[in-house]
Amino acid sequence: MIAVIRISTREDLTEGATIKVEGVRYVNLRSAVYFVTGLLFVLGFMYYFIKSTLNLDPFGVHSARMAQVYIEQGAELTGSANLVAGVLFDFRAYDTLGEATILITAVVGILTVLRLKGRK
Amino acid sequence: MILYFLCFVLFLVGLYGVITRRNVIKIVLGICIMEYSINLLLVLIGYVHDGAAPIIVKGSTETNFVDPLPQAMVLTVIVIGLATTAMLLAIAIRVYRKHGTFDIREIKNLKG
Amino acid sequence: MTGMTNIVKTVTRIIGGVVFLFGLYIVTHGHLSPGGGFAGGTIIAGAFILLVLAYGDNIMHLRRIKEESSALENIAIFCILIMATVGFMLGAKVFFNNFLPTGVAGQLISAGFIPLFNILIGIEVAAALFTIFLAFVIFKEEEK
């Protein structure tokens, strides 16, 4: 379905919905096929998403199973008043280390792509 | 549940921008919108009714906090999105220098 | 890269210092109020980018600044690894062990090594964003 939608942007993006052949108005078949395919794609996506969202808890009723220890004993174990900073820098410090690595890799990659011509 | 559905609508808007636009910069913007909608969904899942921000203020006894774990994870995801967008823009500038245009229909030949 | 008019240059000189100080406040009070290393680092990078945009230097000066900024970012990451290894040696054999004493929650000197961690991450994020911006500007100026 994505391939069909992709082809539609190549040549005839500015054609209208109806064309005139010998004085009689017909419906443009290509535009109709693209429109129906797009609609089917969106509806199929929506059906699966709604079916999986109904398994979550309703909005606002959240049983924090994993974060119970963090909320109750976070201030005593780490000593910080900010619970998010305590979780991010003390309980889960490996993830912060990985994120710093991502920043370093991005800078090295950009300095390689945007390299000027070196001298001989 | 309407809020989760609206996050998904934002994801579809970004996907539409990626699929049907010809300019390279508009495709990059569509990718940015998709990442933003996913971050919003992750933070909205951990909301509790009448919950306070997860910061312990001196002199107040409050125990109904919002879940702090998705917020910590989303901070990491935002930085990943920044790195991805910066790399995409650098490659787009390189492509513009070589072919002279931002239109993806004319970037077809694999020049040597 | 040409700079802007005189009004913009004068106002940017005043505003740049205020923005830098505000970013420093968000970084160092990361364990007391919302913020932390990443948000504060972005604000500090914004102060430097504002100065480069308003004044506009020639390309040789910007190249030297880019090398210095890239070196500063790598030094900050190396210091984070040193801190993690020191935590590995003392006490329990766990990476990132919290080895400084945790005081009373709510004071400025508390929470182990979280303030140090915040400052190092703030320096690293600010230097990374500034280096990316300078790489774009130098590439644009070269092809003229």
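Residues numbered from 1 in each chain as written. Chains lettered and ligands numbered in written order. Predicted model: local features only at pLDDT ≥ 70, side-chain atom pairs only at ≥ 80, totals over all residues. Heavy atoms only, no water.

**Observations concerning the environment of Gly30 of chain C**
Residues and elements named next belong to chain C. What counts, and what does not: Under the DSSP-based scheme used, a helix requires at least four consecutive residues in state H or I and a strand at least two consecutive residues in state E, with every element numbered from the N terminus. Think of it in three bands: residues with accessible area under 20% of the maximum for their type are buried, residues over 50% are exposed, and the middle band is partly exposed, with areas taken using a 1.4 Å probe on protein chains only.
Secondary-structure assignment places Gly30 in the loop between helix 1 (6-28) and helix 2 (37-55). A residue is classified by how much of its surface remains accessible, and Gly30, at 1% relative accessible area, is buried. A C-alpha to C-alpha distance of 19 Å links Gly30 and Gly46, two positions 16 residues apart in sequence.

**Considerations on the pattern of salt bridges**
This is how it is decided: In the sections that follow, a salt bridge refers to a side-chain nitrogen of Lys or Arg positioned within 4 Å of a carboxyl oxygen of Asp or Glu.
Taken as a whole and assessed by the stated rule, the structure comprises three salt bridges over all chains. The shortest N-O distance in the salt bridge between Arg92 of chain A and Asp95 of chain A comes to 4.0 Å.

**Overview of the interface of chain B and chain C**
The condition is simple: The contact criterion used throughout is that any non-hydrogen atoms of two residues lie within 4.5 Å. Buried area counts how much accessible surface, traced with a 1.4 Å probe, disappears from two parts once they are put together, with both parts' losses summed. Whenever a nitrogen or oxygen atom comes within 3.5 Å of another N or O atom, the pair is scored as a polar contact, on the condition that within protein one atom can donate a hydrogen and the other can accept it, and that pairs from neighbouring residues in sequence are kept only if both atoms are in side chains. Three categories are distinguished: nonpolar for Ala, Val, Leu, Ile, Met, Phe, Trp, Tyr, Cys and Pro, charged for Asp, Glu, Lys and Arg, and polar for the others, with Gly belonging to the last.
The interface is formed by nine residues belonging to chain B together with 10 residues belonging to chain C. Among the residues of chain B in contact with chain C, Ile55, Ile93 and Arg97 of chain B are the three that bury the most area, contributing 48% of the side total. Applying the counting criterion to the chain B and chain C interface returns zero salt bridges. Here chain B is connected to chain C by zero residue pairs in polar contact (both at pLDDT 80 or more). Split by residue class, the side of chain B that touches chain C holds seven nonpolar, no polar and two charged.

**Concerning the interface of chain B and chain A**
In this assembly, 41 residues from chain B lie in contact with 43 residues from chain A. Among the residues of chain B in contact with chain A, Met1, Ile19 and Leu69 of chain B are the three that bury the most area, contributing 15% of the side total. Where chain B touches chain A, the interface holds zero salt bridges. Summed over the shared surface of chain B and chain A, the result is seven residue pairs in polar contact (both at pLDDT 80 or more). For the side of chain B that touches chain A, the elements supplying multiple residues, two or more each, are helix 1 (2-20), helix 2 (24-45) and helix 3 (69-99) of chain B. Among the elements that line the side of chain B that touches chain A, the one with the most residues is helix 3 of chain B, at 15 residues. Looking at the side of chain B that touches chain A residue by residue, the class counts come to 32 nonpolar, five polar and four charged.

**Brief notes about helix 2 (residues 29-53) of chain A**
To keep things clear, this is the line we draw: By this rule the span expected of a helix is its residue count minus one, scaled by 1.5 Å.
With 25 residues, helix 2 of chain A extends 36 Å between its outermost C-alpha atoms, agreeing within 8% with the 36 Å of an ideal straight helix rising 1.5 Å per residue. Those residues of helix 2 of chain A that sit buried are Thr37, Gly38 and Thr53 of chain A.

**Considering the nonpolar core**
So the rule is basically this: Here, the term nonpolar core denotes a set of buried Ala, Val, Leu, Ile, Met, Phe, Trp, Tyr and Cys residues that are joined through side-chain atoms within 4.5 Å.
Grouped together as the largest cluster of nonpolar side chains are 36 residues, with contacts concentrated most on Phe89 and Ile110 of chain A together with Phe117 and Ile121 of chain C. Counting residues per element, the ones that place at least two in this core are helix 4 (83-91) and helix 5 (93-113) of chain A, helix 3 of chain B together with helix 2, helix 3 (59-89) and helix 4 (114-142) of chain C. No other element matches the 11 residues that helix 4 of chain C contributes to this core. Beyond its immediate chain neighbours, meaning those up to four positions away, Ile110 of chain A contacts Ala86, Met87 and Ala90 of chain B together with Ile132 and Ala135 of chain C. Formed by seven residues, the second largest nonpolar core is a distinct cluster that contains Leu62, Phe133, Leu134 and Ile138 of chain C.

**A word on unusual backbone geometry**
Although it is not a glycine, Asp50 of chain B sits at a positive phi angle of roughly 60°. Note that Asp50 of chain B resides in the loop between helix 2 and helix 3.

**Some words on the packing of helix 1 of chain B against helix 2 of chain B**
Residue and element names in this part refer to chain B. Heads up, the rule is: Only the stretch in contact is used when fitting a helix axis, every axis being a line fitted to C-alpha atoms; angles between N-to-C directions are given from 0 to 180 degrees. We call two directions roughly parallel when the angle between them is under 35 degrees, roughly antiparallel when it is over 145, roughly perpendicular when it lies between 65 and 115, and oblique otherwise. Crossing chirality is assigned from the near helix's rotation relative to the far helix, an anticlockwise turn below a right angle marking it left-handed and a clockwise turn marking it right-handed.
Packing of helix 1 against helix 2 brings their axes to within 7 Å, and their N-to-C directions diverge by 165°. On the basis of the axis angle, helix 1 is roughly antiparallel to helix 2. The interaxial crossing formed by helix 1 with helix 2 has left-handed handedness. For the pair helix 1 and helix 2, the contacting residues are Leu3, Tyr4, Cys7, Leu10, Phe11, Gly14, Leu15, Gly17 and Val18 in the first and Ile27, Gly30, Ile31, Ile33, Met34, Tyr36, Ser37, Ile38, Leu40, Leu41, Leu44 and Ile45 in the second. The residue makeup of the contact of helix 1 with helix 2, split by class, is 17 nonpolar, four polar and no charged.

**Topic: empty space enclosed by the protein**
Residues and elements named next belong to chain A. For clarity, the cut-off: Here a cavity denotes a set of grid points, spaced 1 Å apart and computed over the protein atoms alone, in which a 1.4 Å probe fits but from which it cannot get out, and a pocket denotes an open set meeting protein on both sides within 12 Å along at least five of seven lines; residues with an atom within 4 Å of a point are reported as lining. Grid points are joined across faces, edges and corners, and a volume is the space filled by probe spheres set on the points.
Following the criterion strictly, the structure yields one cavity of 30 Å³ or more and no others. Of the pockets and cavities examined, the largest cavity occupies roughly 30 Å³. Lining the largest cavity are Tyr70, Gly74, Thr78, Ser80, Asn82, Leu83, Gly86, Val87 and Phe91. Residue assignment for the lining of the largest cavity shows that the elements contributing at least two residues are helix 3 (68-78) and helix 4. Of all the elements, helix 4 adds the most residues to the lining of the largest cavity, at four residues. A per-class count over the lining of the largest cavity returns four nonpolar, five polar and no charged.

**Focus: a positive patch on the surface**
What counts is decided by this rule: Patch definition: residues above 30% relative accessible area lacking any salt bridge, with like charges linked at up to 9 Å and the nonpolar side chains Val, Leu, Ile, Met, Phe, Trp and Tyr linked at up to 5 Å. Per-residue and other accessible areas follow the Shrake-Rupley method at a 1.4 Å probe size, with only the shown protein chains counted as cover for residues. Think of it this way: Lys and Arg go in the positive column, Asp and Glu in the negative one, and His and the chain ends go nowhere. Where a charge lies is defined by one atom per residue type, namely NZ (Lys), CZ (Arg), CG (Asp) and CD (Glu).
Taken together, the side chains of Lys117 of chain A together with Arg94, Arg97 and Lys98 of chain B define a basic patch exposed on the protein surface. On the basis of relative accessibility, which here comes to 81%, the residue Lys117 of chain A falls in the exposed class.

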